[in-house]
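Survey of secondary and tertiary structure
Residues per chain are reported as follows:
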Amino acid sequence: MKSQRTLIIGLWLLALVVGALLLARARFSADMSAFLPAAPSAEQQILVDQLKDGTVSRLMLVGIEGSSGEARAALSQGLASRLRARAEFAAVSNGEAGSFERERALLFGSRYLLSPAVTPARFSEAGLNAAIGDSIAALALPSGAWLKTLLPADPSGETLQLFEVLASQESASLNEGVWASRDGKRALLMVYTRAAGSDTDAQEAAIGLLRDDFGATRASLAGRYPALAESRLLLSGPGVFGVEARERIRDEAMRFSLLGTLIIVGLLWAVYRSARALLLGLVPVASGALAGVVAVSLGFGVVHGITLGFGITLIGEAVDYSIYLFIQSGSAGAAGDGEWRRRFWPTVRLGVMTSVCGFAALLFSGFPGLAQLGLYSIAGLVVAAGVTRFVLPLLLPSGFAVRDLSTLGERLESVVLRPLRRLRLLVPLLALSALAILLWNHENLWNRDLAALSPVPAQQQALDAALRADLGAPDVRYLAVLGGPDREAVLRQAERLTPRLDGLVAQGLLAGYESPSRYLPSRATQEARRASLPDAATLRARLQAALVGLPIQPARLEPFVAAVDAARRAPLLTPASYKGTSLALLLDGLLIDRPGQSLALLPLRAPQSGIDAAALDKALAGQPVRLVDLKTASNRLYAAYLDEALELVAWGMLAIVLLLALVLRSPARLLRVLLPLLAAGLVVVAGHVLAGVALSLLHLVGLLLLVAIGSNYALFFVGSERTPSLLLSLLVANATALAGFGLLAFSSVPVLAALGGTAGPGALLALLFSVMLDRHEPA
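Residues numbered from 1 in each chain as written. Predicted model: local features only at pLDDT ≥ 70, side-chain atom pairs only at ≥ 80, totals over all residues. Heavy atoms only, no water.

1. Here's the deal with the layout of surface pockets
Computed from the structure, the second largest pocket encloses a volume of approximately 550 Å³. Every residue lining the second largest pocket is counted, 21 residues in all, and those nearest its centre are Met-653, Leu-678, Gly-681, Leu-682 and Leu-703. Of all elements in the fold, only α26 (630-664), α27 (667-690) and α28 (697-716) reach the threshold of two or more residues within the lining of the second largest pocket. It is α27 that provides the largest number of residues to the lining of the second largest pocket, a total of eight residues. Counted by class, the lining of the second largest pocket contains 20 nonpolar, one polar and no charged residues. (1 Å grid on protein atoms, 1.4 Å probe; cavity = no way out; pocket = protein on both sides within 12 Å on 5 of 7 lines; lining within 4 Å. Points joined across faces, edges and corners; volume = space filled by probe spheres on them. Helix = DSSP H or I, 4+ residues; strand = E, 2+ residues; numbered from the N terminus. Nonpolar A, V, L, I, M, F, W, Y, C, P; charged D, E, K, R; others polar.)

2. Focus: the packing of aromatic side chains
If you walk through the whole model with that rule in mind, you get six aromatic pairs. Arranged with centres 6.5 Å apart and planes meeting at 50 degrees, the rings of Tyr-112 and Phe-560 form a pair that is tilted. Of this pair, Tyr-112 sits in helix α5 (residues 111-114) while Phe-560 sits in helix α23 (residues 558-569), placing them 448 residues apart in sequence. Assessed through its relative accessible area of 0%, Phe-560 is described here as buried. Taken together, a centroid distance of 5.1 Å and an interplanar angle of 65 degrees make the contact between Tyr-324 and Phe-716 edge-to-face. (Phe/Tyr/Trp six-rings, centres within 6.5 Å; stacked < 30°, edge-to-face > 60°. Buried < 20%, exposed > 50% of the residue type's maximum accessible area, 1.4 Å probe, protein only.)

3. Examining the packing of helix α22 (residues 536-546) against α23
Two elements in contact, α22 and α23, have axes whose closest approach is 9 Å; the angle formed by their N-to-C orientations is 145 degrees. In this structure, α22 crosses over α23, and the sense of that crossing is right-handed. Counting all contacts with α22, which are made through Ala-536, Leu-539, Arg-540 and Leu-543, the residues of α23 involved are Glu-558, Phe-560, Val-561, Val-564 and Asp-565. (Axes fitted to C-alpha atoms, helices over the stretch in contact; angles between N-to-C directions. Left-handed = near helix turned anticlockwise from the far one by under 90°. Contact = heavy atoms within 4.5 Å.)

4. Structural notes on the pairing of strand β9 (residues 478-484)
Where burial is concerned, most of β9 is hidden: six out of the seven residues are buried. As defined by bridge partners, β9 adjoins strand β12 (residues 597-605) across seven bridges and the pair is classed as antiparallel. Note on β12: the bridge partner recorded for Leu-479 is Pro-603. In this sheet, strand β13 (residues 626-629) lies alongside β9 in antiparallel orientation, the contact comprising four bridges. Residue pairing for β13: Leu-479 is matched across the bridge by Val-628. (Pairing = 2+ DSSP bridges.)

5. What to know about the pattern of salt bridges
One pass over the structure, following the stated rule, counts 12 salt bridges. Across the pair Asp-154 and Arg-111 runs a salt bridge, and its minimum N-O distance is 3.8 Å. In this pair, Asp-154 sits in the loop between α7 (144-150) and α8 (158-167) while Arg-111 sits in helix α5, placing the two residues 43 residues apart along the sequence. Using a relative accessible area of 4% as the deciding quantity, one classes Asp-154 as buried. What you see here is one network of salt bridges that share partners, running through Glu-65, Arg-186 and Arg-232. (Salt bridge = Lys/Arg side-chain N within 4 Å of Asp/Glu carboxyl O.)

6. Observations regarding a nonpolar patch on the surface
On the surface, Leu-7, Leu-11, Leu-14 and Val-18 cluster together into a nonpolar patch covering about 380 Å² of accessible area. Secondary-structure assignment places Leu-14 in helix α1 (residues 2-25). (Patch = residues over 30% accessible without salt bridge, like charges linked within 9 Å, V, L, I, M, F, W, Y side chains within 5 Å. Areas by Shrake-Rupley, 256 points an atom, 1.4 Å probe, with all protein chains shown as cover.)

7. A word on the pairing of strand β2 (residues 59-65)
Extensive coverage of β2 is indicated by the burial of seven of its seven residues. Residue alternation in β2 divides its side chains into two sets, Leu-59, Leu-61, Gly-63 and Glu-65 and Met-60, Val-62 and Ile-64, and both sets are buried. Of the strand pairs in this sheet, β2 and strand β6 (residues 186-193) are connected by seven bridges, and their pairing is antiparallel. Across the sheet, residue Leu-61 finds its bridge partner in β6, namely Met-190.

Here it is as structure tokens:
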């Protein structure tokens, strides 16, 4: 017997040590892509790609406020200079002259491969005459001085068209030579990180570097601009959201975890008045929480912050098991002698099994985040119950017992529980009223917007919208997607689609669009353009004829002849040609390679009135292009997510009913377990509806918790035993559950608040309704 005790405790301690080591190596994330499907459809895959590592996901919007416009401009220039020297940032733009110098030089050198105007006709005598004539006419424009410097090397004007493409990205206004907000009170920068937006650790490091450089630049300018001490840095963008969300979830999980634990410890101290009982009672909780995190880490490679927050709720349920053991065993020192196991363990075990049935359904979810919650709950509850059954009694000293609580139990029975039983009819009345409310509001019951899961506060979202509006930063919603066996195929498709999109822009259906073929024409197109270029001797001869009547001599255009001759021998453009420039990142975002397939993404810019998706669909009919509305796709994704969760929960509930029917073997007893749970669920959901809260996915998970905890209470009431200690144990367990769940209702993270706001009141109602429907008087 002694060796068996040593073996069990030894194995438990070994498991704790291994678990602690695995916990230390676990990775935690707040990336919402964990709640994206593991096996998405083609449309969902595009959405997932954009959210995880698309170009837009790498964008940071930077604002500088305070001090004077001149000082902010100096700070912007100094900060941009420092950031451009760092490998962590792929591109840094603030509108200052020269910020796109490398890109301009590259485009200028490749103008004859990039310009759509380059054809054999353009380099004929007539074509050259027309093109050079247009360039000379453009010298009268405000930009004429700049064009005059280009004229000898580019009299056909290919550069002007290409630079207009770059200029279209610089839509922010300038103040003191750098980008500024429309009211001129904020300097602006756009920064692209090399790391994907979903790489929260790398994004956090990049944000830290940016803040450091901001502080260092400001300090270096303090002598010239003392008022810069009042300046402040504003940051936004997907990566910033991810980092801040992780911090918020982690901080709130820790804060509420600590607060909930303190309240639970206070409650248990008030009941036990024994430090030893208190510490021993927390052993199953700690073991279960550790097992839950380790199981998720091993199963998924990363633990999501929401799963961690969910762990707080586990404290509220797992602590129940030791409460049952200590209080139900009474003051006769029976906790360690097997009497409790004989009388009460089967009921506790059945309660654990019902919880496992409910949460097991989540394991089959196609969304990793939901499956994490299921695995965490199952592992945590099974280990907590197992430790209570097999380990905790062995840790108890001989004759261990909590203080005599029979008087307190009897008092609670007479003051609280007995009056509650007289309100039996109130349960069906409340349940039917709640059902009527839900039926009346069934169309607005669920929030099917993915934003319902977003932990980003409204203030941060407003700042992001303001910075994007000032910068003209991409806020891509609609994409035209082309697919083909390789990049060459999709680039050719993009070129064929260009005239149609230009026509839609002219009609006002689109404000503009982006295309990878602008920066990387297909190989066939580049070869055709290069073949259009005449050799030096032919070009000189054609210029002699083309310049007749134009105010320029052929000799002045020798740089043009040399440039065309060099372009004839230059290699074709490839993605590698853009290495080290911001255009490389842009191309990476617009061209996606998958096994056996390449995609070209063409972001569509909406006019002021927005994009008419139906008209656009009609206009693109017959084209090999798929129009993807990312917002609609995300909402469809979440709707599918919610529908799947509802289906899984329904299967879980069915499994619970079948399990209880199999074990209880009595329709009447089965009904006595299910009725309080059903009534509690209806009343809680109706309460949310009356409060104007539309239900989200985490409300659904909260309902699962309600059933998991409430079934423990209800099962005790189908037995014949009604000792004061039993009722007292249920009340104490319920109070700890409220401390664990109820606190979460006050979280500023919506998903945690939804979880706590459902499970907390639900657990309380489940116990109250179980007592009200109980027909047995206590012994």
